[in-house]
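Observations on the model geometry
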Amino acid sequence: MARALVATLRPGKIREVLSVEEATRLLEAAPGIKYKAALGVAYGASLRVSEVAHLKVDDIDSERMLIRVEQGKGARDRNAMLLPHLLRLPRLWWREGKRRGVMFPHDWLFFGRSYTDPISSRQLHSAVQEAAEVAGIRKRISPHTLRHSFATHLLEQDVDIRVIQVLLGHAKIDTTAVYTKVSTRQHKRRSKTLLRPPKAGIRSFETQQLKSPVNLG
């Protein structure tokens, strides 16, 4: 029977991506401030679902606009960027958690059904589906779509692909280059764009250490 089997290659699928306007609508439609903050961080820091779920309160450095991601994919630690205008979402969630007496340093930033447990990937997925329905977004999306969308938006704003590689925590540039397939403006670029040398300062960004716990208040 094994000899009769024929291996076939599945055609690669282009990832679904939200426009900037759709991403804004999705965040606004998220069910409650906790999910608005979680999805906002997933987009604004381009984090994987598991990375969002396992953030601790003191992983946020609001002074330097960085997020410490511990034990990401490949068991690698890194610093992720946090967009200034999206900081208000985790800050609002922090204040709400403090008001309710369930938010403390070193604890989960986005806890699940119990504040002693991290939020689950299933909860984040359900929140995205609910928000997409409210926002009238018909695309097939998941929390990971926010990460893909952010990377694509950076490419469309002419951010160097090697900078994006560092921000997303990719070990290989080939992984990041996949996003050029869904970038509307990058289709017009020549292949030599991908061969630009790394910009100065990327390595220092990648290796710098966070100095102090978060100050969300």
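Structural data are supplied above this passage.
Described below are features of the structure shown in this document. (Residues numbered from 1 in each chain as written. Predicted model: local features only at pLDDT ≥ 70, side-chain atom pairs only at ≥ 80, totals over all residues. Heavy atoms only, no water.)

Digging into the packing of aromatic side chains
For any pair of aromatic rings, the description rests on two quantities: the centre-to-centre distance and the angle between the ring planes. Basically, it comes down to this: In this scheme Phe, Tyr and Trp rings, the latter by its six-membered ring, pair at centre separations within 6.5 Å, and the angle between planes marks the pair as stacked below 30 degrees, edge-to-face above 60, and tilted otherwise. Strands are runs of DSSP state E lasting at least two residues, helices are runs of H or I lasting at least four, and both sets are numbered from the N terminus onward. As a reminder, the over-ring test applies to NZ of lysine and CZ of arginine, requiring each to be within 6 Å of the ring centre and within 35 degrees of the ring normal.
Using the criterion set out here, one finds 2 aromatic pairs in the structure. Seen from their ring centres, Trp 93 and Phe 111 are 5.5 Å apart, and the 45° between their planes marks the pair as tilted. Of this pair, Trp 93 sits in helix H4 (residues 88-100) while Phe 111 sits in the loop between H4 and helix H5 (121-135); the two residues are 18 residues apart in sequence, bridging distant segments of the chain. Across the ring face of Trp 108, the terminal group of Lys 56 is positioned such that the distance to the ring centre comes to 4.7 Å.

Concerning helix H2 (residues 33-44)
The following threshold applies: Helix span, as expected, comes to 1.5 Å for every residue beyond the first. Burial classes: relative accessible area under 20% of the type maximum marks a residue as buried, over 50% as exposed, and values in between as partly exposed (1.4 Å probe, protein chains only).
Given a rise of 1.5 Å per residue, 12 residues ought to cover 16 Å, and the 16 Å separating the end C-alpha atoms of H2 matches this to within 8%. For H2, a buried count of 10 out of 12 residues is recorded, marking the element as mostly surrounded by other parts of the structure. Two residues or fewer after H2 comes Ser 46, characterised by a positive phi angle close to 55°.

Focus: the packing of helix H1 (residues 20-29) against H2
Convention followed: Comment: axis = line fitted to C-alpha atoms, over the contacting stretch for helices; angle = value between 0 and 180 degrees taken between N-to-C directions. Should an angle fall under 35 degrees it is called roughly parallel, over 145 degrees roughly antiparallel, and 65 to 115 degrees roughly perpendicular, with every other angle called oblique. By the convention used here, residues are in contact when the closest approach between their heavy atoms is within 4.5 Å. Gly falls in the polar group here, along with every residue not listed as nonpolar (Ala, Val, Leu, Ile, Met, Phe, Trp, Tyr, Cys, Pro) or charged (Asp, Glu, Lys, Arg).
Where H1 meets H2, the closest approach of the two axes is 8 Å, and the angle between their N-to-C directions is 155°. For the element pair H1 / H2, the angle class is roughly antiparallel. Residue-level inspection shows Ala 23, Leu 27, Glu 28 and Ala 29 of H1 in contact with H2, the latter providing Lys 36, Leu 39, Gly 40 and Tyr 43. Across the contact of H1 with H2, the residue classes break down as 5 nonpolar, 1 polar and 2 charged.

Here we look at the sheet that holds strand E3 (residues 78-81)
Put simply, the test is: Any two strands with at least two DSSP-identified bridges between them are counted as paired.
Taken together, the 3 strands give an open sheet; going across it, the order is E1-E2-E3, and neighbouring strands pair in antiparallel fashion. Each having just a single partner strand, strand E1 (60-61) and E3 make up the two edges of the open sheet. The sheet contact formed by E1 and strand E2 (residues 66-69) spans 2 bridges and is antiparallel. Within E2, the position partnered with Ile 60 by the bridge is Ile 67.

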